[in-house]
Amino acid sequence: TPRKSSQSVGVFNSSPGGMTSPLADALFSWYERHARVLPWRGHADPYAVWVSEIMLQQTRVETVIPYFLRWMERFPSIRALAEASEQEVLGVWEGLGYYSRARNLHRAARLLVSQNEGQLPRTHAGLERLPGIGRYTAGAIASIAFGQDEAALDANIRRVLARVFDVDLPARSPRGEARLWELAREVLPPGRAGDFNQALMDLGSAICTPHNPACLLCPINAFCRAYALGIQEQRPVLEAKAPTPHITVTAAIIHRDGLVLLARRPANGLLGGLWEFPGGKQEPGESLPQALA
């Protein structure tokens, strides 16, 4: 049932002098009680925030935690990571997927050691120049690790903002993306960007979920336009996904004198740099033995 909206523009915007908005106050009050306990939160080293943000790209928090702990034990600093071999780095990452993320971390660590005394840049612009760090990741690291007033826009924050502000543009379209970044900057409370971004992430994970959001438990439902209109399930607007491709691949186990032949995949592309049994994709008109040969 549609609900009457009671908010005005003023409840979203921070007050002069750095004071927070009513929306931010309500969100912070909830976050203080319900913030997720994560091994990279409150960590003294910005490197930990960087590693966690790269691991969290397209990967769920529960999956990331054991990998993060193992990574930090093996590579406790940027210098330790820079001094490792690529194969060792990929070995510690193995199973987490999207291996270009690990290679970018390794490349960036070596750049930082050679050009920046092994220290992460503190600014959004400086962070975004590193391999594997885009607009969102730079904003997250700058705000969480360095206290910079920078917005962030991950999948959870995108969903929360699309519902709170009833954004009817496709969230992943250029116009929708631009509008959501604009809103993310507008609602950011000066001096508390890191906590605010993390609070939005946690809200999206626990309450403002993709399906069946727990709107009655939401601390900012009084400010949510989609909830007021009863259309929260229709936000964010999603574009149709391309069909998943189906590929047939053949491989051979070739062994002689106790040795097995392995091939290393090209560095660029799917599972780049990893080892596999030799083979290849079946092209139209080929039999599997022909594809193998």
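Scroll up to find the structure.
Residues numbered from 1 in each chain as written. Predicted model: local features only at pLDDT ≥ 70, side-chain atom pairs only at ≥ 80, totals over all residues. Heavy atoms only, no water.

Asks: Lay out the pattern of salt bridges with the relevant residues and their values.
Replies: The full count for this structure, using the stated rule, is 10 salt bridges. We note a salt bridge from E62 to R60, for which the minimum N-O separation is 2.9 Å. Assessed through its relative accessible area of 58%, R60 is described here as exposed. A salt bridge links E177 to R158; the nearest nitrogen and oxygen atoms lie 3.1 Å apart. (Salt bridge = Lys/Arg side-chain N within 4 Å of Asp/Glu carboxyl O. Buried < 20%, exposed > 50% of the residue type's maximum accessible area, 1.4 Å probe, protein only.)

Asks: Provide a residue-level description of the state of the cysteines, including the pertinent values.
Replies: Throughout the structure, instances matching the rule amount to zero disulfides. Between C218, a free cysteine, and C208, which holds the nearest cysteine sulfur, the sulfur-to-sulfur gap is 6.3 Å. Residue C218 is classed as buried on the basis of its relative accessible area, which comes to 14%. (Disulfide = S-S within 2.5 Å.)

Asks: I'd like a rundown of the side chain of H124, residues and numbers included.
Replies: Following the sequence through the fold, H124 ends up in helix α7 (residues 124–128). Ignoring sequence-local partners within four residues, the contact set of H124 consists of R135, A138, G139, A142 and E150. (Helix = DSSP H or I, 4+ residues; strand = E, 2+ residues; numbered from the N terminus. Contact = heavy atoms within 4.5 Å.)

Asks: Describe unusual backbone geometry, naming the residues involved and giving the relevant values.
Replies: Following R235, the chain continues into P236 via a peptide bond in cis, with omega recorded as 0°. Mapped onto the elements of the fold, P236 is located in the loop between α12 (225–229) and β1 (249–251). Located in the positive-phi region is Q58, a residue other than glycine, with phi close to 60°. With a phi close to 55°, D257 is a non-glycine residue in the positive phi region. Taking relative accessible area as the criterion, D257 reaches 75% and is therefore assigned exposed.

Asks: Which residues make up the nonpolar core, and what values do they have?
Replies: Counting residues in each nonpolar core, the largest one holds 42 residues, and the members touching the most others are L27, L161, L180, F196, L203 and I220. Counting residues in each nonpolar core, the second largest holds 40 residues, with W71, I78, V92 and F146 among its members. (Core = buried A, V, L, I, M, F, W, Y, C linked by side-chain atoms within 4.5 Å.)

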